[in-house]
Amino acid sequence: MKVFVTGVNGQLGHDVMNELYRRGYEGIGSDLAPSRVSGTADGAAGSAQAGGFDAGKMSYVSMDITDRGSVLATIEKIRPDVVVHCAAWTAVDAAEQEENRDKVHAINAEGTRNVAEAVKAVDAKMVYLSTDYVFDGQGTAPWEPDCTDFSPLNVYGQSKLDGELAVRSILDKYFIVRIAWVFGLNGKNFIRTMINVGKTHDSVRVVNDQVGTPTYTFDLARLLVDMIETEKYGYYHATNAEAEPGGYISWYDFCLEFYRQYGLKTKVIPVTTQEYGLSLAARPMNSRLDKSKLERAGFKPLPVWKDAVARYLREADL
């Protein structure tokens with residue numbers, strides 16, 4: 001199986017390439033340019049070889065997903081069996097700034113449409129990574145993967161929803177996988193940021209009224225490769241499992257746990273989103289995602305989030 005992965009120097013794209021390598025599949029990674037690193041657009045660029053991949057099995061091509069002609073030509077030349085589309089603008093607050101809005105739409109919506117059209121042209125499968133931000137985050141019930149009550153609260157969420165709708169309208173062979181609170185070894189994330197802050201502060205303020213579960217990209221990459229080995233297409237939710245049934249957590253709970261595991265004594269002060277007051281973008285209060293469809297489809301769910309944190313901390317250079 002030949003797999004083309006966009007955004008390979010981001011947290012998820014990097015781990016997908018590693019998982020493909022572990023299973024002996026041919027992976028072709030892409031991003032903007034081998035020498036550029038970016039935390040907002042296209043998931044950061046870089047060569048696949050920089051991640052320790054075998055050049056005989058893994059290769060890298062530069063591709064701008066907003067350039068439709070380049071996307072069509074690149075994917076036509078490679079003719080993959082599957083495209084895993086990890087590239088995205090992910091800076092949620094920066095997306096709200098007027099000067100960035102067109103770029104966010106170009107990457108997350110039109111860029112995804114370009115990829116889907118190219119996938120259609122070579123009759124491949126596609127995986128599109130989306131987000132709980134396509135919903136309004138109201139209530140307390142977990143969001144079902146096939147729910148269509150879309151109502152994004154911010155520019156980022158709308159752009160990711162537009163990407164979803166493009167994939168669904170163009171393709172039949174697709175997996176749309178929604179995730180939340182992502183962390184991985186290859187990039188910036190909440191754990192890394194808060195541990196760095198905790199080392200230099202006696203206390204930190206963390207919101208306690210936004211509720212969900214995190215997603216470790218190492219675990220997610222395994223699931224995504226499991227998926228592309230099948231034809232069980234459709235919408236799925238995939239975050240790490242709760243420690244107990246219904247045991248969703250807040251960002252405050254999350255921070256308490258990884259501080260405890262890391263050994264930081266920094267005081268964590270719970271605050272409401274309103275009290276925190278530093279975000280430009282509106283955030284969903286309810287990021288609970290129902291993941292039961294995974295098991296019904298025969299997929300192995302992601303492990304419990306506390307275990308994922310422990311494994312991340314063992315590997316991360318923090």
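Conventions used here
- Residues numbered from 1 in each chain as written.
- Predicted model: local features only at pLDDT ≥ 70, side-chain atom pairs only at ≥ 80, totals over all residues.
- Heavy atoms only, no water.
- Helix = DSSP H or I, 4+ residues; strand = E, 2+ residues; numbered from the N terminus.
- Buried < 20%, exposed > 50% of the residue type's maximum accessible area, 1.4 Å probe, protein only.
- Contact = heavy atoms within 4.5 Å.
- Core = buried A, V, L, I, M, F, W, Y, C linked by side-chain atoms within 4.5 Å.
- Pairing = 2+ DSSP bridges.
- Axes fitted to C-alpha atoms, helices over the stretch in contact; angles between N-to-C directions.
- Phe/Tyr/Trp six-rings, centres within 6.5 Å; stacked < 30°, edge-to-face > 60°.

Please clarify how the environment of Gly-69 should be interpreted in this entry.
By the element assignment, Gly-69 lies in helix 2 (residues 68-78). Along the chain, Gly-69 and Asn-114 lie 45 residues apart, while their C-alpha atoms are 8.5 Å from each other.

It is not clear to me how helix 10 (residues 305-315) should be interpreted in this structure. Could you clarify?
Inspection of helix 10 places Trp-305, Ala-308, Val-309, Arg-311, Tyr-312 and Leu-313 among the buried residues, and these make up the whole buried set. Where helix 10 is buried, its residues meet strand 7 (182-183), helix 5 (190-198), strand 10 (215-216), helix 6 (217-228), strand 12 (249-250) and helix 7 (251-262).

Looking at this structure, how should I read the nonpolar core?
Nonpolar side chains in soluble globular proteins tend to end up buried together. Judged by nonpolar contacts, the single largest core of 33 residues is most densely connected at Phe-4, Ile-75, Val-115, Val-119, Met-126, Val-167 and Leu-171. Counting only elements with at least two residues in this core, the list comes to helix 2, helix 3 (101-121), strand 5 (125-131), helix 4 (155-170) and strand 6 (174-179). Ranked by residues supplied to this core, first place goes to helix 3 with six residues. Formed by 32 residues, the second largest nonpolar core is a distinct cluster that contains Val-134, Ala-308, Val-309 and Ala-316.

Where do I start with the sheet that holds strand 3 (residues 58-62) in this structure?
Within a sheet, neighbouring strands are paired by backbone hydrogen bonds and run either parallel or antiparallel to one another. Strand order in the open sheet formed by seven strands is 3-2-1-4-5-6-11, with parallel pairing between adjacent strands. The open sheet is flanked by strand 3 and strand 11 (234-237), the only strands paired with a single partner. Each strand of the sheet is rotated relative to its neighbour by a mean of 20°, with strand direction disregarded. When strand 4 (residues 82-85) meets strand 5, the two strands line up parallel, connected through four bridges. Residue Val-82 lies in a different strand from strand 5, and its bridge partner there is Lys-125. Strand contacts of helix 3: strand 4 and strand 5, with the helix running at about 165° to strand 5, the strand carrying the most contacts. Those strands touched by helix 6 are strand 1 (2-6), strand 4, strand 5, strand 6 and strand 11, and its axis lies near 160° from that of strand 6.

Explanation requested: the packing of aromatic side chains in the structure shown.
Working definition: an aromatic ring pair is given by the centre-to-centre distance plus the angle between the planes. In the structure shown here, the tally under the stated rule is 20 aromatic pairs. The interplanar angle of 70° and the centroid separation of 4.7 Å between the aromatic rings of Phe-190 and Trp-251 together place this pair among those described as edge-to-face. Linking Phe-190 in helix 5 with Trp-251 in helix 7, this pair joins segments that are 61 residues apart in sequence. Overall, the relative accessible area of 16% leaves Trp-251 in the buried class. Relative to Phe-254, the ring of Phe-190 lies with its centre 5.8 Å away and its plane at 25°, an arrangement referred to as stacked. In this pair, Phe-190 is assigned in helix 5 and Phe-254 in helix 7, connecting sequence segments 64 residues apart.

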